[in-house]
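Here's the letter readout for the chains.
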Amino acid sequence: VNDIVQEEKISESELSSIQGSGLEGRITKEDILTFVKNRGQKPVSAPVVEAPKAVAPATPAATISTSNGDEIVPMDRMRKIIAENMVKAKQIAPHVTSFIESDVTNVVRWRAKNKNAFEKRENERLTFMPIFVKAVVKAIQDYPMINVSVNGDQIIKKKSINIGMATALPDGNLIVPVIKNADQLSLSGLAKAINDLAYRARNRKLKPEDTQGATYTISNVGSFGNLMGTPIIPQPQVAILAVGAI
């Protein structure tokens, strides 16, 4: 072994790198010859196998404890969609609520005075909704930056003024039919559009396009006797109405 080491001029560092196969790890003649045979060849690196990355387990749904006698009611498809859209709306644009009280006594009196003549002339009921839609449209025209959507780090200023109208359904669900190009409609045109959408919503006759493209949404919680509310609707702008004479 020593003769081979001297003849092949194997250095101490090389010798120490040889893995001995003899008794108690001793270096044998075969080990030296194998080393000499492979000397100068670039060792082939063993493939690096990355350790699998730890995957955080999916966050399980919060478990709500139940008691004897509790009734579990599965969500229907519409409620699931509503819930998903509400969560998405909160993530896209965190909500800030501001309330302003306005005296609409004159509006209430004007409607009371003209609603019968309006219905006779237009063959449409005159509710408060078209009056307030008209006011919202005027506000958007004066302040177009409230008619926007958020897309990542972009603000999209909407050219069209499409007013969503939150509508409660008989089964307790909520849907938002849309009055397209509301700025191009007169008061009577708004009344016709609103009454038609409300009727078809409550009778499940809306088409998919009837609920798409809203740029600003109105919800009238006053119809339930409420003074104010903070609904979550899949648009960042919501006007809350609670109508009553003062």
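Residues numbered from 1 in each chain as written. Predicted model: local features only at pLDDT ≥ 70, side-chain atom pairs only at ≥ 80, totals over all residues. Heavy atoms only, no water.

A. Spatial organisation of the overall build of the protein. What the protein contains, in helices and strands, is 7 helices and 8 strands. Within the span of the protein, comprising 246 residues, buried residues form 28% of the whole. Only carbon and sulfur atoms are counted for the fraction: they give 53% of the accessible area of the protein, which is about 18,000 Å². (Helix = DSSP H or I, 4+ residues; strand = E, 2+ residues; numbered from the N terminus. Buried < 20%, exposed > 50% of the residue type's maximum accessible area, 1.4 Å probe, protein only. Areas by Shrake-Rupley, 256 points an atom, 1.4 Å probe, with all protein chains shown as cover.)

B. The pattern of salt bridges, seen in detail. Taken as a whole and assessed by the stated rule, the structure comprises 4 salt bridges. In this structure, the salt-bridge partner of K138 is D142, at a minimum N-O distance of 2.8 Å. Of this pair, K138 and D142 both sit in helix α6 (residues 128–142), separated by 4 residues, roughly a single helical turn. Here K138 falls in the partly exposed class, since its relative accessible area comes to 45%. (Salt bridge = Lys/Arg side-chain N within 4 Å of Asp/Glu carboxyl O.)

C. Structural context of the packing of α6 against helix α7 (residues 187–202). In the contact formed by α6 and α7, the axes pass within 9 Å of each other and the chain directions differ by 120 degrees. Relative to α7, the element α6 lies oblique. The way α6 lies across α7 gives a crossing that is right-handed. Facing M129, P130, I131, V133 and K134 of α6, the residues of α7 in contact are L187, L190, A191 and I194. Counted by class, the contact of α6 with α7 contains 8 nonpolar, no polar and 1 charged residues. (Axes fitted to C-alpha atoms, helices over the stretch in contact; angles between N-to-C directions. Parallel < 35°, antiparallel > 145°, perpendicular 65-115°, else oblique. Left-handed = near helix turned anticlockwise from the far one by under 90°. Contact = heavy atoms within 4.5 Å. Nonpolar A, V, L, I, M, F, W, Y, C, P; charged D, E, K, R; others polar.)

D. Representation of unusual backbone geometry in the model. In this model, N123 sits at a positive phi of 60 degrees, which is unusual for a non-glycine residue. Among the structural elements, N123 can be located in the loop between α5 (105–122) and α6.

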